[in-house]
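Chain and residue survey
Listed below are the residues making up each chain.
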Amino acid sequence: MASTEASSQGLQQVLCFALAGEAYALPILKVREIQAQATITRIPKAPPYMPGVINLRGAIVPILELRHRFSLGEAPEDTRPVIVIVEVQGRTLGIRVDSVSDVLDLDPNAIRPAPELGTQSALGREFIAGLASLPGATGTDSMLILLDLDRLLSDGELMALESATA
């Protein structure tokens, strides 16, 4: 479905991706591009959730490792991560995910708020914009976790990423 057609019907387009076996999504309007073969340059003393930077047509773009950010452990050896280039609070940032799967049109009425998970959850509720059911082939529904990119990093963390890449 075309973007203009989806928006005229009130649908929200999202880019779906996998992370540690779960389905996540980002608003498609925040996504600039997808990089499958980018080489990450490590930055000394960078936080564990920032493995380094990439050179994207002359621009230095910091990379955020979502597995580390969400305390999901290391990716299996056979995983070929993908970097999704996004805009976060007016800044270009790459987020490394296990794989990208699809672009979906979601009915905003089908998106539910995140449940209370307590204060010690690995994926803090503050990062979750909502949850949506995805119909499964076996008759069961799986959940799609919609991320709120603008709340993924604090202002201080965004400034630290920028200074590390300056």
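Now for a description of the structure that goes with this document. In this text the structure is predicted, and so the values were computed from the model without any measurement.

Looking at the sheet that holds strand 3 (residues 31-35)
- Strand order in the open sheet made by the five strands is 3-6-7-5-4, with mixed pairing throughout. Since the sheet does not close on itself, it has two edges, and those belong to strand 3 and strand 4 (52-56), each with one partner. Strand-to-strand twist of the sheet, defined as the mean angle between neighbouring strand axes without regard to direction, takes the value 35°.
- With five bridges joining them, strand 4 and strand 5 (residues 59-65) adopt antiparallel strand pairing. Note on strand 5: the bridge partner recorded for Asn55 is Ile60.

Structural notes on the pairing of strand 1 (residues 12-19)
- Among the eight residues in strand 1, six count as buried, and that is most of the element.
- Two strands pair when backbone bridges link them, and strand 1 and strand 8 (residues 99-106) are joined in this way by seven bridges, in the antiparallel orientation. When the sheet's bridge partners are listed, Leu15 is paired in strand 8 with Val103.

Rules used in this analysis
Per-chain numbering applies: the sequence of each chain, read as written, is numbered from 1 onward. The model is predicted, so local features are restricted to residues of pLDDT at least 70 and side-chain atom pairs to those at 80 or more, both for listing and for counting; the totals for chains, interfaces and linings are taken over all residues. For the side-chain quantities, the full set of heavy atoms in the structure was used; hydrogens and water were omitted. A pair of strands counts as paired when DSSP detects no fewer than two bridges linking them. Strands are runs of DSSP state E lasting at least two residues, helices are runs of H or I lasting at least four, and both sets are numbered from the N terminus onward. Note on method: axes are straight lines fitted to C-alpha atoms, helices fitted across the in-contact stretch only, with angles between N-to-C directions ranging 0 to 180 degrees. Each residue is assigned to one of three classes by its accessible area relative to the maximum for its type, calculated with a 1.4 Å probe on protein chains only: buried under 20%, partly exposed between the two thresholds, exposed over 50%.

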